[in-house]
Amino acid sequence: MEIIEKTILLVEDNPDDELLTLLAFKDNNIVNEVIVAHDGQEALDYLFGTGQYKDRDMNQLPWVILLDLKLPKVDGLEVLQQIRSNLLTKHLPVVILTSSKEEMDIINSYHLGANSYIRKPVDFEQFSEAIKQLGLYWLVLNELAVINSPK
Amino acid sequence: MDAITFWWPGYRVSAMLLFITAVVSWITILAIYKYFPVALSLKTSKDFEAELIERKKSESKFIGLLESAPDAMVITSGDGEILMINAQTERLFGFKREEMTGKKIEFLIPERFHHKHTNHREGYVENPKIRGMGIGMNLFGRRKDESEFPVEISLSPMEIGEQEKFMVISAIRDITKQKEAEAEIKKLNGNLELLVVERTVELELALASEKAARAEMNQNQLRLAFLTEASNILASSLDYSETLTNLVKMVTPLIADWCAIDEVGEDGTIKRIVASHVDPKKIKSVYELAEKYPPDMNAPHGIYQVIRTREPELHLNISDEFLENIAQDAEYLSLIREVGLQSSITVTLLSRGTIYGALTLVMADSGRHFEEKDLEFAKELSLRATLALENAKLYKEIQDSNIELEQRVAKRTVELEAINKELEAFSYSVSHDLRAPLRSIDGFSNKILKDYGELFDDQGKDYFMRVKNASQHMGHLIDDLIKLARISRIGMNMEEINLSAIARLITTELQESNPERRASFHIQDDMIAKGDRNLLQIALQNLLDNAWKYSKNQTETKIEFGSTQKDKQIIYFITDNGVGFDMRYVDKLFGAFQRLHSLSEFEGTGIGLATVQRIISRHQGTIWADSEVNKGTTFFFTL
């Protein structure tokens, strides 16, 4: 029986936010491997085994994707759209984790198939609490549709 | 003439009567005529005796008849010798019987007729018959006193006795009375005729003057009607050039043979802007004339002079020689002859001190000429035209300014849209980018306190707490600022809103957020207003939050939401029994980031009431407040 590792793909360009997110995982004893992509292109490369990730084991798909919207190169909504339009990734849970509370951003995210939308609070304790809930829900409670990789 | 005709038959009747009388006399004479030979022939003594008696008898009978004739009877021989006369002859001529007998008949005729009369008499002897003498001629008799008198004479030939002696019997009648009457009648007729002529002349004069007056009246009426019609036509269009075209079209051919309007430009020169001609083919030439041969600016007559002096100019009659004199060249002369110029009027188009140009009316070769009185009419026409022109010009100005306004609005809209986009980008950036550093400040302060807390004393820990609080407060400020910006931006969806229901939901939440607080809420039932649900919800949330927040120190919080009516306007109010504020600072109440209480007393960003005010004004309402320190505050608003 193959042990499926429940990895997390964190798409975040701000190093502070990256660190704070990782710290929040740690504070909440979430020890799953976190792969960090620093822009939209990197996230797509990881997911589809292209670019710098062309040699990676494509059997490994993240259990949940934490996606910021405002990203260099390819922005979050574009990344989301590509995830949803690929058979391999179309069922992956995508949680939008962003500073924006713009109504249009929320609407567009859900429209393109986001599973959840969380606004990063300024207060770290609230942020940490949100990460805790997020981890509990998506990594523990939620069941995934397992899709066989093409390989 | 009628009078003459009228009188004439009377005269004729009178003459006829005279004639009949004469004829009757002669019939008498003829009745006894058969006895004449008996009376004049003597045969035997016995016969003679009897004949003599008979003759005496008939002679006395004849003489009696002769004497009793009403006319003067003169019997003459064939050679004109007077043989016999009657008493009437004596009376008529004033001669004694013996003075006349044996004389030639000419004795009784004025001398100047003797020669003619002798000829007539001899002519009569050759062709004797009963007739009037000298019919149609004026005959005169001569009295003994040499005076003359008009007579009428009837002649009758007679042959007496066996010798067949030729004799003429003349019946002479004095027609002085008739002649006098005739003369009188003639005179009367003459007078009458004169009178008739005079009257006729008078009548004709009166008729002519009446006709002229009528013509004048007709013309005036026509012109008045024309002016009325002109006003109507001129008022029917607000288009500048259309108005002018209508005007010149209307004028020809009724008022003038051709017509032109010259406009005064900004540089003072004139330009022919519209023209008409009875002959449409010649309109081009009217323009050409003005274009090729513009009038002399300094001439003491012409359009420039009219515009300069504002006095109309009238040329009653322009001769061809005059045209030849003023013609600059052959082409000019041929042009001006083509369009025709025999009489003209030029008047200004002037209104409220502004000269728009000049109107020139011209008579070409229709034979009509303008007169002095036409000037008034031309002025009237120009006045109406100017008013119409002014209207058209004002309308054009309004239109132009409308277009300009529209363009400005469009430009502003574009600008506004750009600014709105910028604002959106800005608030997006604020909400996203400015919050990230705050998260870092708060987050790492938190980690320092948590992971390295033992390295700091209480003061050090307090400083980190302050950093953390400040960053969180700034986070709230940013959030509220974005909300405020969004409220001005988002579209409104107007519908009927139950404000009471919304307020109840909010107050329930407030009570639940702090269950131990003693509070009473009085919310008037079913306050229905028209507005945007989301915005009004935000406004009520802010107002009720404030009421809740600022009355937290009271032993029992009392909040009321109701409405009153003033001048058909519904005024809503939210009252609390909180700390209130000093009305001196009421001006600052609705300003963004303005606070009347310290953060330590009451938390807040100072954006809430600014947001409420913006929502109310987006609903065309107003908001104001009344407060007293430690007594409570009431906010009033309309929608």
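All values derive from a computational prediction rather than experimental measurement. Starting afresh in each chain, residues are numbered from 1 along the sequence in its written order. Lettering for chains starts from A, numbering for ligands starts from 1, and both go in the order in which the items are written. Where totals are concerned, whole chains, interfaces and linings use all residues; where local detail is concerned, this predicted model gives features only for residues with pLDDT of at least 70, and gives and counts side-chain atom pairs only at 80 or more.

## Topic: the sheet that holds strand β7 (residues 258–264) of chain B
Residue and element names in this part refer to chain B.
Working step 1: If you walk across this open sheet you meet the five strands as β8-β7-β11-β10-β9, and the pairing is antiparallel. The two strands at the open ends of the sheet, each matched to only one other strand, are β8 (270–277) and β9 (313–315). Ignoring strand direction, the axes of neighbouring strands in this sheet form an average angle of 15°.
Working step 2: Paired strands, in this sense, are two strands between which DSSP finds at least two bridges. Helix and strand assignments follow DSSP, with helices taken as H or I runs no shorter than four residues and strands as E runs no shorter than two, numbered in order from the N terminus. Both strand β10 (residues 343–351) and strand β11 (residues 354–363) contribute to a ladder of nine bridges, which runs antiparallel. Only the contacting stretch of a helix is used when fitting its axis, a line to C-alpha atoms as for every element, and angles between N-to-C directions run 0 to 180 degrees.

## Description of helix α8 (residues 240–251) of chain B
Working step 1: Expected span of a helix, by definition, is 1.5 Å for each gap between consecutive residues, and there is one gap fewer than residues. An ideal rise of 1.5 Å per residue puts 16 Å on twelve residues; α8(B) measures up with 17 Å between its terminal C-alpha atoms.
Working step 2: Against the buried residues of α8(B) lie α7 (176–235), β7, β8, β11 and α13 (374–452) of chain B. Two residues form a contact once the distance between their C-beta atoms, set from the backbone, is within 7 Å.

## Digging into the confidence of the model for chain B
All names here are of chain B.
Working step 1: Summary of the metric used: pLDDT quantifies the predictor's per-residue confidence within the range 0 to 100. Per-residue confidence for chain B gives a mean pLDDT of 83; residues scoring 70 or more make up 91%.
Working step 2: Here residues 1–10 is modelled with pLDDT under 50, and outside its nearest four sequence neighbours on either side it reaches eight contacts, counting other chains as well.
Working step 3: Scored by ipTM, the complex comes to 0.78, with pTM at 0.47.

## Brief notes about the environment of B:Gly102
Residue and element names in this part refer to chain B.
Working step 1: Relative to the elements of secondary structure, Gly102 occurs in the loop between α5 (97–100) and α6 (114–126).
Working step 2: Put simply, a residue is buried when 20 or more other C-beta atoms lie within 10 Å of its own C-beta and exposed when 12 or fewer do; between those, it is partly exposed, and each C-beta is set from the backbone. Take Gly102: there are 10 C-beta atoms within 10 Å of it, and that puts it in the exposed class.
Working step 3: The spacing of Gly102 and Met84 is 18 residues in sequence and 8.6 Å in space, taken between C-alpha atoms.
Working step 4: If near-sequence neighbours (up to four positions away) are discounted, Gly102 is found in contact with Glu81 and Ile82.

## Some thoughts on the nonpolar core
As a rule of thumb, soluble globular proteins bury nonpolar side chains together.
All names here are of chain B.
Working step 1: Ranked by size, the top nonpolar core spans 42 residues in total, and within it Val248, Ala256, Cys259, Leu361, Val362 and Ala385 carry the most contacts.
Working step 2: Looking at which element gives the most residues to this core, the answer is α13, with seven residues.
Working step 3: Setting aside chain neighbours within four positions, we find Val248 in contact with Cys259, Ile261, Val274, Ala275 and Ser276.
Working step 4: By definition, a nonpolar core groups buried Ala, Val, Leu, Ile, Met, Phe, Trp, Tyr and Cys residues that connect through C-beta atoms lying within 7 Å of each other. Of all hydrophobic cores here, the second largest spans 35 residues; its members include Tyr550, Ile559, Phe561 and Phe637.

## Things to note about the interface of chain B and chain A
Working step 1: Contacts between chain B and chain A engage 15 residues on the former and 16 residues on the latter.
Working step 2: Of all elements in the fold, only α13 and α14 (458–489) of chain B reach the threshold of two or more residues within the side of chain B that touches chain A.
Working step 3: Tallied by class, the residues present in the side of chain B that touches chain A amount to three nonpolar, eight polar and four charged. Gly falls in the polar group here, along with every residue not listed as nonpolar (Ala, Val, Leu, Ile, Met, Phe, Trp, Tyr, Cys, Pro) or charged (Asp, Glu, Lys, Arg).

## A few points about the pairing of strand β2 (residues 82–85) of chain B
All names here are of chain B.
Working step 1: Of the pairings in the sheet, the one linking strand β1 (residues 72–77) to β2 comprises three bridges and is antiparallel in character. Each residue of the ladder has a partner; that of Thr76, found in β2, is Ile82.
Working step 2: The hairpin formed by β1 and β2 contains four residues between the paired strands, and Gly80 there has a positive phi angle of roughly 90°.

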